[in-house]
Amino acid sequence: MAADETDHISELPTSGVGRVGLLGGSFNPAHDGHRYISLEAQNCLKLDEIWWLISPQNPLKDSTDMAPMETRISDARRKAHSPLIRVTDVEDKLGTRYTVDTIAALKSRFADTRFVWLMGADNLLQMPKWKDWETLFERVPIAVFTRSSYSRKALTGVAAQRFAAFKIAENAAAELVDCAPPAWVFLHIPPHPASATRIRQKIVKREKCHAN
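As the structure is a prediction and not an experimental result, all values here were calculated from the model.

### Some points on helix α3 (residues 69–80)
Here is step 1 of the chain: Between its terminal C-alpha atoms α3 stretches 16 Å, which fits the 16 Å expected from 12 residues at 1.5 Å a residue.
Here is step 2 of the chain: Listed as buried for α3 are Met-69, Arg-72, Ile-73, Ala-76 and Ala-80. Down the axis of α3, the buried set is contained in an arc of 100°. They therefore lie on one face. Residues Glu-70 and Arg-78 are exposed on α3 and point more than 90 degrees away from its buried face.

### Looking at the packing of aromatic side chains
Here is step 1 of the chain: For the structure shown, the criterion picks out 9 aromatic pairs.
Here is step 2 of the chain: Connected via pairs of aromatic rings, a cluster forms that spans Trp-133, Phe-137, Phe-163, Phe-166 and Trp-184.
Here is step 3 of the chain: Arg-162 extends its terminal NZ or CZ atom over the ring of Phe-163, reaching a point 4.4 Å from the ring centre.
Here is step 4 of the chain: Over the ring of Trp-184 we find Lys-167; its NZ or CZ atom is 5.8 Å from the centre of that ring.

### Describing the pattern of salt bridges
Close approach of charged atoms allows side chains of opposite charge to pair.
Here is step 1 of the chain: Summed over the entire model, instances satisfying the criterion amount to 9 salt bridges.
Here is step 2 of the chain: Across the salt bridge formed by Arg-78 and Asp-75, the nearest N and O atoms sit 2.3 Å from each other. Of this pair, Arg-78 and Asp-75 both sit in helix α3, 3 residues apart, roughly one helical turn.
Here is step 3 of the chain: Here Arg-78 falls in the exposed class, since its relative accessible area comes to 56%.
Here is step 4 of the chain: For Asp-75, a relative accessible area of 23% corresponds to the partly exposed category.
Here is step 5 of the chain: The salt bridge involving Asp-178 is made with Arg-114; its shortest N-O contact spans 2.6 Å. Here Arg-114 lies in strand β4 (residues 114–120) and Asp-178 lies in the loop between α9 (158–162) and β6 (184–187), a separation of 64 residues in the sequence.
Here is step 6 of the chain: Relative accessible area serves as the criterion here: at 46%, Asp-178 is assigned to the partly exposed category.
Here is step 7 of the chain: Salt bridges sharing partners connect three or more residues here, namely Arg-19, Arg-114 and Asp-178.

### Considerations on the environment of Leu-118
Here is step 1 of the chain: Relative to the helices and strands, Leu-118 is located in strand β4.
Here is step 2 of the chain: Looking at Leu-118, the relative accessible area reads 1%, which means it is buried.
Here is step 3 of the chain: The spatial distance from the C-alpha of Leu-118 to the C-alpha of Ala-143 is 5.0 Å, given a sequence separation of 25 residues.
Here is step 4 of the chain: In contact with Leu-118, not counting residues within four places along its chain, are Gly-21, Leu-22, Leu-23, Ala-41, Leu-45, Ile-50, Ala-143 and Phe-145.

What counts and how
For every chain, the first residue of its written sequence is number 1, and the numbers climb from 1 along that sequence. Where totals are concerned, whole chains, interfaces and linings use all residues; where local detail is concerned, this predicted model gives features only for residues with pLDDT of at least 70, and gives and counts side-chain atom pairs only at 80 or more. Only hydrogens and water are set aside; all other atoms, that is, all heavy atoms of the structure, feed into the side-chain values. Helix and strand assignments come from DSSP, with helices taken as H or I runs of at least 4 residues and strands as E runs of at least 2, each series counted from the N terminus. By this rule the span expected of a helix is its residue count minus one, scaled by 1.5 Å. Only protein chains enter the calculation, and the probe is 1.4 Å; a residue is then buried if its accessible area is under 20% of its type maximum, exposed if over 50%, and partly exposed in between. Note: the arc covers the axis-to-C-beta directions of the helix. The rule is short: rings of Phe, Tyr and Trp, with Trp giving its six-membered ring, pair when the centres are within 6.5 Å, and they are stacked under 30 degrees, edge-to-face over 60, tilted in between. Sitting over a ring, as applied to charges here, requires NZ of Lys or CZ of Arg to be within 6 Å of the ring centre and within 35 degrees of the ring normal. Any carboxyl oxygen of Asp or Glu that lies within 4 Å of a side-chain nitrogen of Lys or Arg is treated as forming a salt bridge with it. It only takes one pair of heavy atoms within 4.5 Å for two residues to be counted as in contact.

Such coordinate-based values are descriptive only and should not be taken to indicate function.
Written out as structure tokens, the structure is:
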């Protein structure tokens, strides 16, 4: 990757971009699945960019096997490999731990940018555990991507049912970013096999083999 392209994806712009998808998470580690869902989102939602928000620490996840922030940022930069994707530690710089607060800060800083929150069906299912999750729905449009083992439960779960009246048709997904929240869409895309959990498990097994 060229040096100027690395600079591009490492920092947020100084002014509004237009249509931006936000993909948050631990990225522990970043993998091809993150890149895949980002590019699918760009295509389905007609986005100008996707920003990866590398979380200092997900409040709902154990920190025991969490790689250092610098490592996760570096890995994500290598894995992004696209001028459409920006990798950022903006949550660390803003001091925000919760998605609802991060969204508020970004919307304040980039008033001319139209954001959409990107997440998998597993996160839709557990969303009622998030801080002020209903406020998040009311603050930004949300695009949910199918995950085969979670999708059915997610679509009958508390969050989906609470905001059922604001779900738009999948064939209108490109209009989501322009919708006033609450608004969300459920997108069925071919599954990608990558999983951060499985990758970490493989790393642990490999380290054990080398130790023996």
